[in-house]
Amino acid sequence: MKEENVQAPKLLASGDEARVNEEALARRAKKEPSGKKHRITLRPFYCKGCGLCVDICPTGVLLLSNNKRSKWGITAIKSAPDFCIGCRMCEHRCPDFAILIDYGENLKGKEPERGKMGEASHG
Ligand code: SF4
Ligand code: SF4
């Protein structure tokens, strides 16, 4: 695991440090950066630091970190966002809606057109 892959997020106060999850780092070590830019939105207000997202991420993007700004004192962080493949497993696993992947991007082009609902209901 290369040290430069661990990036301290801006939301952390000084003194907060990522907690190393060896399994997540081992998964990441087997991967290459995805070459895609997926938007990972973390909502630390909702995050209780359970680590479920860290455990399920197939590319070791996420880690836990002490976070003085969280009432739980710990939150998930984006440790290596370049490795994100956009699978959204973390989003679906999080019980607290504290992590969103490509928020907004998923909805593009999926909004129903005006009148479509009415047309469908009339067969
Ligand atoms: S983002 Fe969700 S799954 Fe991940 S540590 Fe926070 S509460 Fe747990
Ligand atoms: S979308 Fe997939 S690869 Fe990206 S952080 Fe979530 S679990 Fe990891």
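The structure contained in this document is the topic of the report that follows. (Residues numbered from 1 in each chain as written. Chains lettered and ligands numbered in written order. Predicted model: local features only at pLDDT ≥ 70, side-chain atom pairs only at ≥ 80, totals over all residues.)

### What to know about the nonpolar core
Then, in step 1: Membership of the largest hydrophobic core comes to 20 residues, with the highest contact counts inside it found for C53, V54, C57, L62, A76 and I99.
Then, in step 2: Those elements that provide at least two residues to this core are β2 (40-42), α2 (52-56), β3 (62-66) and β4 (74-78).
Then, in step 3: In terms of residues, this core owes the most to one element, β3, which gives 3 residues.
Then, in step 4: Not counting residues up to four positions away in its chain, the partners in contact with A76 are L42, C47, G49, C53, V54, L62, L64 and I99. (Core = buried A, V, L, I, M, F, W, Y, C linked by C-beta atoms within 7 Å. Buried ≥ 20, exposed ≤ 12 C-beta atoms within 10 Å, placed from the backbone. Helix = DSSP H or I, 4+ residues; strand = E, 2+ residues; numbered from the N terminus. Contact = placed C-beta atoms within 7 Å.)

### A word on the site of ligand 2
Then, in step 1: In the vicinity of ligand 2 lie 15 residues, with C57, V61, C84, C87 and C90 positioned nearest.
Then, in step 2: Here the residues of the shell around ligand 2 sort into 11 nonpolar, 3 polar and 1 charged. (Near = placed C-beta within 6 Å. Nonpolar A, V, L, I, M, F, W, Y, C, P; charged D, E, K, R; others polar.)

### Examining the environment of E91
Then, in step 1: Mapped onto the fold, E91 is located in helix α3 (residues 89-93).
Then, in step 2: Given 19 C-beta atoms within 10 Å, E91 falls into the partly exposed group.
Then, in step 3: Through-space distance from the C-alpha of E91 to that of C53 is 7.5 Å; in sequence the pair is 38 residues apart.
Then, in step 4: Contacts of E91, omitting those with residues within four sequence positions, involve I99, L100 and I101.

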